[in-house]
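# Structural features, examined
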Amino acid sequence: MPLALLALAVLGAAAGGGAGREEAREGRFSTPEQQRCRWELRSAAGASELRLSCRAAGGGAARSCAYRGEPRRCPAYGARSHQYWRQILSRLRRRLHPCAPGAPLSARLCGPGRAPPEAQLRLLPDPGPATPAPAPEPTEDPAETYCTERWHSLCSFFVGFWEG
């Protein structure tokens with residue numbers, strides 16, 4: 001049995017398990033202000049989006065944000081994408097508040113003059129809290145609205161009973 005497991009492990013490594021390191025797609029880090037952050041990387045159609053969710057060490061409300069950019073426009077990204085994301089996450093770790101507006105994120109290997117500005121990750125605008133739907137305008141007594149004058153007293157009794 002152990003020999004069979006060893007053979008499977010060798011075959012898995014030969015099939016491409018050791019060909020190259022896969023870049024991380026999600027993880028965690030802490031900031032100097034002791035915020036605990038989770039991150040997730042999503043890539044599609046040339047653009048990459050880095051989503052963050054940070055919570056204060058005391059258990060305060062979580063704050064979420066996202067950065068978007070086109071790191072593939074950086075010439076060095078293709079060969080060293082793992083290093084690119086390590087540098088980006090290192091910059092985020094050093095920020096006191098990673099979701100606070102600030103300068104765009106760029107890796108040293110794709111810094112100014114080495115890549116177009118589109119390669120930088122920019123903080124997406126915060127959609128803000130969802131605005132609640134406006135409360136309906138207070139109407140007159142429902143008995144007056146739905147009952148004719150002739151049935152008003154009886155209707156008012158039932159409406160009052162129904163509304164509690």
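Residue numbers restart at each chain and count upward from 1, following the sequence in its written direction. With the structure being a predicted model, the display of local features is reserved for residues of pLDDT at least 70 and the display and counting of side-chain atom pairs for 80 or more, all residues being used for whole-chain, interface and lining totals. Water and hydrogen atoms were dropped before computing side-chain values, which therefore reflect all heavy atoms in the structure.

This brings us to the pairing of strand β4 (residues 63-69). Pairing of strand β3 (residues 47-55) with β4, which is carried by seven bridges, proceeds in the antiparallel orientation. The partner of E49 across the bridge, within β4, is R68. At least two DSSP bridges between two strands are needed for those strands to be called paired. Secondary structure elements are taken from DSSP: a helix is a run of H or I of four residues or more, a strand is a run of E of two residues or more, and numbering for both begins at the N terminus. Taken together, the two bridges between β4 and strand β5 (residues 122-123) define a ladder with antiparallel strand orientation. For Y67, the partnering residue across the bridge sits in β5 and is L123.

Sheet strands line up and pair through hydrogen bonds in the backbone, either parallel or antiparallel. Read across the open sheet, the five strands follow the order β1-β2-β3-β4-β5; overall the sheet is antiparallel. The sheet is open, and its two edges are formed by β1 (26-30) and β5, each paired on a single side. Where strand β2 (residues 36-44) and β3 come together, nine bridges link them in antiparallel fashion. In the strand pairing of β3, A44 is matched with A47. The contact criterion used is simple: two residues touch if any of their non-hydrogen atoms lie within 4.5 Å. Interaxial angles span 0 to 180 degrees and are taken between N-to-C directions of axes, which are lines fitted to C-alpha atoms, for helices over the stretch in contact. Where helix α2 (residues 81-94) meets the sheet, it contacts β1, β2, β3 and β4, and its direction lies at approximately 30° from that of β3.

For the rest of this paragraph, the subject is the environment of G111. Along the polypeptide, G111 turns up in the loop between α2 and β5. What makes G111 buried here is its relative accessible area of 9%. Sequence-wise, G111 and C74 are 37 residues apart; in three dimensions their C-alpha atoms are separated by 9.0 Å. Any residue under 20% of the maximum accessible area for its type is buried, any over 50% is exposed, and the rest in between are partly exposed; the area is computed with a 1.4 Å probe on protein chains only.

What follows concerns a nonpolar patch on the surface. Note that patches include only residues with greater than 30% relative accessible area and no salt bridge, and the join distances are 9 Å for like charges and 5 Å for nonpolar side chains (Val, Leu, Ile, Met, Phe, Trp, Tyr). Note on areas: these come from Shrake-Rupley sampling with a 1.4 Å probe, and a residue is covered only by the protein chains present in the view. Any Lys or Arg side-chain nitrogen found within 4 Å of a carboxyl oxygen on Asp or Glu counts as a salt bridge. On the surface, W151, L154, F157 and F158 cluster together into a nonpolar patch covering about 460 Å² of accessible area. Topologically, F157 is positioned in helix α4 (residues 152-163). Judged by its relative accessible area of 51%, F157 is exposed.

Our next topic: the pattern of salt bridges. Close approach of charged atoms allows side chains with opposite charge to pair. Under the definition given, this model contains five salt bridges. Residue R42 pairs with E40 through a salt bridge whose shortest N-O separation is 3.2 Å. When its relative accessible area of 39% is taken as the criterion, R42 is described as partly exposed. Judged by relative accessible area, which is 29%, E40 ranks as partly exposed. Two residues, E49 and R68, come together in a salt bridge whose shortest N-O distance is 2.2 Å. In this pair, E49 is assigned in strand β3 and R68 in strand β4, connecting sequence segments 19 residues apart. R68 gets classed as partly exposed once you look at its relative accessible area, which sits at 41%. Here the residues in one salt-bridge network are E49, R51 and R68, joined through shared partners.

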